[in-house]
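Architecture and fold: a report
The residues making up each chain are set out below.
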Amino acid sequence: MSTAQDTPGAHGGDHRFESIAAIRQSLADVDYLADDGIAGVVYLADRLDKPVLVEGPAGTGKTELAKSVARLTGARLVRLQCYEGLDESKALYEWNYKKQLLRIQADAGQSWDKLEEDIFAEDFLLTRPLLEAIRSPEPVVLLVDEVDRVELETEALLLEVLSEYQVSIPELGTVRATTIPMVFLTSNNTRELSEALKRRCLFLHLDYPDVERERAIVEARVPGISAQLADQVARIVRSIRSLDLKKHPSVSETLDWARTLVVLGIETVDATVAVGTLNILLKYRSDIEKAAKELAGLDAPS
Amino acid sequence: MDLLTGFVGELRAAGIPVSLTEHLDAAQALEHLPLEDRQALKYALGASLVKSATHWRAYETAFEVYFSLQRGARLAEAGGEEGAEGSEARSDTSAVGQGQGQGAGTGRGTGGGGGMTPEELARLLYAALAGGNDAMVGAVARYAVTRYAGMEPGRPVGGTYYLYRTLRNLDLDGVLERLMAEARAASASVGSPPPPGEQPADELGTSADQTGPLDGLTALEERLLRDEYRSRIDALKAEIEAEIRRRLVADRGAEALAKSLRKPLPEDVDVMHASREEMAALNRALRPLARKLAVRLARKRRHGRRGPLDFRSTMRHALSTGGVPVDPRFRYPRPAKPEIMVVADISGSVASFARFTLHLVHAINSQFSKVRSFVFVDGIDEVTGLFEGADDPADAVHRINTEADVVWVDGHSDYGHALAVFLERWGEEITPRTSVLLLGDARNNYHASNAWVLKDVRERARHVYWLNPEPRSYWDSGDSIVSEYGTHCDAVVECRTLRQLEAFVGELT
Ligand SMILES: Nc1ncnc2c1ncn2[C@@H]1O[C@H](COP(=O)(O)OP(=O)(O)OP(=O)(O)O)[C@@H](O)[C@H]1O
Ligand SMILES: [Mg+2]
């Protein structure tokens, strides 16, 4: 742990989790079904005080993992939603120039030096998620969602913050984290992230869950579903994912489908039901037709 | 930590870039991780060493060799108890350790499985798959390897042949059909499908819908049950492979085995000579690459760089002008739309390369309206329209292969003719903003090169690039005349792997 203790604000020795099994269990308690891989990486992130970069197809529980870890540790979730064009002023902090301007106009007689001191003070600072996470007195989980959308410069800024866990504001001085927050970055892999950022992070590739885990997710997340239906849903989705399709169903789509079946009062999925509701699982017409044929030997309804 | 150093060395040798920081992270990670929990160990250690999903397979193989397979030894070192799973098999595994000196491959073996008759083994196999019992599957794997793999100590092999021999003797396809037949029969007699394993009897649904065959299972039930058994069979195959590797590690050591198992990473697979399995991995890697390229191209197009806002100076300025509202606005320069013309050889000699590049064209196409695509063999045809509205590159490739009119005389590449026709029909449309990308091996079957065409094209165009899927050392040998064309190009680039393609596009954009 030596490197971690060198870092400012490390909570040396003080860990959030007892064991990998304990993480799995606590995640399950907040209805997030992890496997040993996911739990192992979260465990290590806590021990080594490292951010986790979570990558994988859409709807596989990347964002939800961060939220669930926040929930189970009782930490506040601070979320930085990334988008193209996100910059320092939206990610870190910004001076409230409108307010500054008002003050300047109000104190028009003042010297610039005096004014400058006044207006670059705490009151005029707009705190953005990264700074917020670092300054927070209570524990937080920082979620940097869809980091692959930002430009390289913003990524460099992130890297700086995540290496030092401190932010220096020229006018105010350096702000250090009192506790190193758990950090999750998610990516849909639309862009190659910089080597430096990847080196800094633990890497977790989230893929579609296996049939047992998906069944458990369905049971946890769909109120009122029977064990039998949940099992059937998971199996059918597995079969569909084994087909060569343009887009495979995500976990969120599995859940949407399962909820629909429950609302429709369906106990058992037969071919007719499956084919009639495939449009909830699959988005492309050609995929729906293929799945209907492969699964049930039926034509999809038009 | 010797084990880790060796392991990291193997990862690097396999092409996975592991930095010093990451090596140290992994060392630190090992201090915190329970060695006996292999799944968690694999992922957590992997999280600190492997930062790309396409490298995961190579990592898993190396991990298996260095960690999982040596767990007996490691645990003994650590004073821990023996592996928790499959205790009946342990004696068997160690028996092979002894057995290999006397030729473990003869099938008589010494351990528990060796004495089993083929009939007994087949029955055990059937029961293991029918019941979906992991411990039993593990045991079957060990018995089967002892009985059928015919492993010979000291041979420098990776085990593919042993795997093949074991699987052939197990006849898993036949077993699958028997399992299905039994399920159908049971379902017909009871009126509901049988339990696959320990699941409740009616889990697959009981409704006999109209598509159900007469013998009991509906088409849907049949499909789900088959997929379930298939996944169990896959698990068995993986177990068998792991068992063979375990024995090979015992025989040859981790380092030597890992070396035999090394394969190129997906981005380094030679497109022209990829095995079916490699091609599948390549295609999986190609989709995200194409998507990435598309995003990158789009971004480059929309944004030039913009200067950062200097806030203080803005404020001072506002002050001096009496506090005129400050409303910073960023202006994005709007670069002229680049135009791209892609001209690709899709003849037999470069078929797999053509597929690969057409995916790239598709990616470019989805971002630029000004992309025109042409394919040729000895004739040439424009296929821009075939990409339109195709959201799946595979569709577009299929349509091009079936609809494009590219054969002029005999369907053997004739670059000279194809290029001449290209210039004649579309030459007027090449402008100083056009980049022309030529894709092919320049194997011209000894036809006339018509290299002057490219000279003309280059005078009209902004850039002309040639991507050649052949190794550089083959260029200009036999009927390849790539240099003759190359003198009229801005660059001729070897492009046989995803990595090379990515590098080229990176420079292009
Ligand atoms: N392991 C899991 N346990 C419980 N629920 C899950 C799990 N994985 C996914 N889900 C469900 O799937 C939904 C989608 O997950 P999430 O939004 O985290 O996906 P994502 O990977 O972030 O997708 P995107 O790439 O589209 O942002 C969640 O709302 C959650 O209900
Ligand atoms: Mg998300």
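Residues numbered from 1 in each chain as written. Chains lettered and ligands numbered in written order. Predicted model: local features only at pLDDT ≥ 70, side-chain atom pairs only at ≥ 80, totals over all residues.

1. Here we look at the sheet that holds strand E2 (residues 76-81) of chain A
Residues and elements named next belong to chain A. Strand order across the open sheet formed by 5 strands is E2-E5-E8-E1-E9, with parallel pairing between neighbours. Of all the strands in the sheet, the pair left with one neighbour each is E2 and strand E9 (202-205). With strand direction ignored, the average angle separating the axes of adjacent strands in the sheet is 20°. With 4 bridges joining them, strand E1 (residues 52-55) and E9 adopt parallel strand pairing. When the bridges of E9 are listed, Glu 55 appears paired with His 205. Across the face of the sheet, helix H4 (residues 62-73) comes into contact with E1, E2, strand E5 (140-145) and strand E8 (182-187) while running at roughly 170° to E5. (Pairing = 2+ DSSP bridges. Helix = DSSP H or I, 4+ residues; strand = E, 2+ residues; numbered from the N terminus. Axes fitted to C-alpha atoms, helices over the stretch in contact; angles between N-to-C directions. Contact = placed C-beta atoms within 7 Å.)

2. Points about the packing of helix H2 (residues 20-32) of chain B against helix H3 (residues 38-49) of chain B
Residue and element names in this part refer to chain B. Look at H2 against H3: their axes get within 8 Å of each other, and the N-to-C directions meet at 155°. One way to sum up the angle between H2 and H3 is to call them roughly antiparallel. Both H2 and H3 take part in a crossing whose hand is right-handed. Facing Glu 22, Asp 25, Ala 26 and Ala 29 of H2, the residues of H3 in contact are Ala 44, Leu 45, Ser 48 and Leu 49. Partitioning the contact of H2 with H3 into residue classes produces 5 nonpolar, 1 polar and 2 charged. (Parallel < 35°, antiparallel > 145°, perpendicular 65-115°, else oblique. Left-handed = near helix turned anticlockwise from the far one by under 90°. Nonpolar A, V, L, I, M, F, W, Y, C, P; charged D, E, K, R; others polar.)

3. Brief notes about the sheet that holds strand E4 (residues 434-439) of chain B
What holds strands together in a sheet is hydrogen bonding between their backbones, with the strands either parallel or antiparallel. Residue and element names in this part refer to chain B. Read across the sheet, 6 strands follow the order E3-E2-E1-E4-E5-E6 without closing on themselves; strand pairing throughout is mixed. Strand pairing shows two members of the sheet lacking a second neighbour, strand E3 (380-382) and strand E6 (491-494), which therefore form its edges. Averaged over all pairs of adjacent strands, the angle between their axes in this sheet comes to 20°, without regard to strand direction. Bridge count between strand E5 (residues 463-468) and E6: 4 bridges; the pairing is parallel.

4. With respect to the domain arrangement of chain A
Residue and element names in this part refer to chain A. The domain boundaries assigned to chain A delineate domain 1 (2-91 + 128-205), domain 2 (93-127) and domain 3 (211-296). On a C-alpha basis, the centroid separation for the pair domain 1 and domain 3 is 32 Å. Between domain 1 and domain 3, the residue contacts involve 8 residues of the former and 9 residues of the latter. Here the residues of the side of domain 1 that touches domain 3 sort into 3 nonpolar, 3 polar and 2 charged. (Domains from an automatic or database assignment.)

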